[in-house]
Amino acid sequence: MKKVLTIAGSDPIGGAGIQADLKTMTCHKIYGMSVITALVAENTIGVYGISEASPEFVAQQMDSVFTDIYPDAVKIGMVSNKEIISVIADKLIEYKAKKIVLDPVMVATSGGSLCKDDSVEMLINKLMPLATVITPNIQEAQVLCGFEIENKEDMQRAAVKISENYSGYILIKGGHLTSCSDDLLYNDGDFVWYKQERIDNPNTHGTGCTLSSAIACNLAEGHDVKTSILNAKNYITGALKANLNIGKGRGPLNHCWNQ
């Protein structure tokens, strides 16, 4: 059985973060493990509080995983401060971790901020270079590139700009575009568009977490990046089309739709 580690924050309602990651891994028949960076008091309506783990405790958790059950891939989600980002990067280098998917989580689906402003530079300079693929949405890509993204041409310009500081694969998710929902994968001058129908389902809590975890699962199984993304997108499309409708706000996906 392949093993995947998620390094992220928790979600008490189970739709995003560590909980969504582990559900996704289980549904991919992957052995899931977790390092918790923060406890987040959130639901489908908003974010009400964040209690961060200490950098030292994050390091201890990572030591516990890598010295016992070495992961075949790593997914990184919510990392809310620069000290935690730094220690995660140091440990990934120490243990020579491979197949790393970085979802640069900055804003929750409900709109609440999940990332401190001073941590973005550390994310870009120390953690991003270790990643095999990064998966920013439009809002996150705007932070990384420094300009507004309103259409597919802007997505291409943003990918090229982000690549000035990062040599891996860049997947910019187009779900926040008004004209379409297509995703763009960019690497070393190569643009690949993933056509995506716009699914009539407002319940999208945890979509970013779920997609990045599904990509990590596919990488762990030995698929290349392009195939891993295609398979992950098919999985999340099914989870959205299942039309789970729970919660008072933007509800979670049905991670078990294919079971």
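Data block above holds the structure.
Residues numbered from 1 in each chain as written. Predicted model: local features only at pLDDT ≥ 70, side-chain atom pairs only at ≥ 80, totals over all residues. Heavy atoms only, no water.

## So, the pairing of strand β8 (residues 183-187)
Rules: For the exposure calls, accessible area comes from a 1.4 Å probe over protein chains only, and a residue counts as buried if that area is under 20% of its type's maximum, exposed if over 50%, partly exposed in between. Numbered from the N terminus, helices here are DSSP runs of H or I no shorter than four residues, and strands are runs of E no shorter than two. Strands qualify as paired when DSSP identifies two bridges or more between them.
Taking burial as the measure, the five residues of β8 include five buried ones, the bulk of the element. Of the two faces of β8, the one holding Asp183, Leu185 and Asn187 and the one holding Leu184 and Tyr186 are both buried throughout. Note that β8 and strand β9 (residues 190-194) share five bridges and pair antiparallel. Bridge pairing links asparagine 187 to aspartate 190 in β9. Hairpin connection, β8 to β9: the antiparallel pair is bridged by two residues, and aspartate 188 has positive phi, about 50°.

## Thoughts on the sheet that holds strand β4 (residues 73-76)
Heads up, the rule is: Every residue pair with non-hydrogen atoms within 4.5 Å of one another is taken to be in contact. Where helices are involved, their axes are fitted lines through C-alpha atoms of the stretch in contact, as for all axes, and angles between N-to-C directions lie from 0 to 180°.
On the basis of which strands lie adjacent, the open sheet formed by nine strands has the order β3-β2-β1-β4-β5-β6-β7-β8-β9 and mixed pairing. Edge strands, defined here as strands with exactly one partner in the open sheet, are β3 (47-52) and β9. Helix-sheet contacts for helix α1 (residues 17-27) involve β1 (3-10), β2 (31-42) and β4, and the interaxial angle to β1 is about 155°. Here helix α2 (residues 55-66) sits on the sheet in contact with β1, β2 and β4, set at roughly 165° to β2.

## Observations regarding the side chain of serine 212
Rules: Any N or O atom pair separated by 3.5 Å or less is treated as a polar contact, with the protein-specific requirement of one donor-capable and one acceptor-capable atom, and with residues adjacent in sequence counted only for side-chain atom pairs.
Note that serine 212 resides in helix α7 (residues 207-220). Of the polar contacts made by the side chain of serine 212, one reaches the side chain of lysine 75; its length is 2.8 Å. With sequence-adjacent residues up to four places away left out, serine 212 is seen in contact with Lys75, Val101, Asp103 and Thr135.

## Looking at the state of the cysteines
In plain terms, the rule: Cysteine sulfur pairs qualify as disulfides if the two atoms are within 2.5 Å.
The tally for this structure, following the rule as stated, stands at zero disulfides. The structure places no disulfide on cysteine 27, whose sulfur is separated from the nearest cysteine sulfur, that of cysteine 256, by 3.8 Å. There is no disulfide at cysteine 209, and the cysteine sulfur nearest it, in cysteine 217, is 13 Å away.

## A look at the pattern of salt bridges
Convention followed: Within this document, salt bridges are pairs made up of a side-chain nitrogen of Lys or Arg and a carboxyl oxygen of Asp or Glu, the two lying within 4 Å of each other.
Taken as a whole, this structure holds twelve salt bridges when the rule is applied. Note that lysine 152 and aspartate 182 form a salt bridge whose closest N and O atoms lie 3.1 Å from each other. Residue lysine 152 is located in helix α6 (residues 152-162), and its partner aspartate 182 is located in the loop between β7 (169-172) and β8; the two are separated by 30 residues in the primary sequence. Among the residues examined, lysine 152 registers a relative accessible area of 22% and is labelled partly exposed. Taking relative accessible area as the criterion, aspartate 182 reaches 7% and is therefore assigned buried.

## Observations regarding the nonpolar core
Heads up, the rule is: Definition of nonpolar core: a set of buried residues of the types Ala, Val, Leu, Ile, Met, Phe, Trp, Tyr and Cys, connected through side-chain atoms within 4.5 Å.
Core analysis: the largest hydrophobic core is formed by 47 residues, its most contacted members being Ile76, Ile88, Leu92 and Leu127. The greatest single-element share of this core, amounting to six residues, is contributed by helix α3 (residues 82-94). Residues contacting leucine 127, with those up to four places away along its chain left out, are Ile76, Val79, Ile85, Ile88, Ala89, Leu92, Leu102 and Met122. Met25, Ala220, Tyr235 and Leu240 belong to the second-largest nonpolar core, a separate cluster that totals 26 residues.

## Here's the deal with the packing of aromatic side chains
Just so we agree on the cut-off: Only Phe, Tyr and Trp rings take part, Trp by its six-membered ring, and two of them pair if their centres are within 6.5 Å. Stacked means planes under 30 degrees apart, edge-to-face means over 60, and tilted covers everything else.
A complete count under the given rule lists four aromatic pairs for this structure. Relative to tyrosine 70, the ring of phenylalanine 66 has its centre 5.4 Å away and its plane inclined at 80°; by these criteria the two rings are edge-to-face. You can call phenylalanine 66 buried: its relative accessible area is 5%. Here tyrosine 70 falls in the partly exposed class, since its relative accessible area comes to 35%. Arranged with centres 4.7 Å apart and planes meeting at 45°, the rings of tyrosine 186 and phenylalanine 191 form a pair that is tilted. Owing to a relative accessible area of 8%, tyrosine 186 belongs among the buried residues under this scheme.

## Brief notes about the pairing of β1
Which entries qualify depends on this criterion: Orient the strands so they point away from the viewer, and a crossover whose first-strand-to-second-strand path over the helix runs clockwise is right-handed.
For β1, the buried fraction is high: seven of the eight residues fall into the buried class. With eight bridges joining them, β1 and β2 adopt parallel strand pairing. Note on β2: the bridge partner recorded for glycine 9 is alanine 38. You can see the chain leave β1, run along α1 and come back into β2, and the turn it takes is right-handed. Here β1 runs beside β4; their pairing, made up of four bridges, is parallel.

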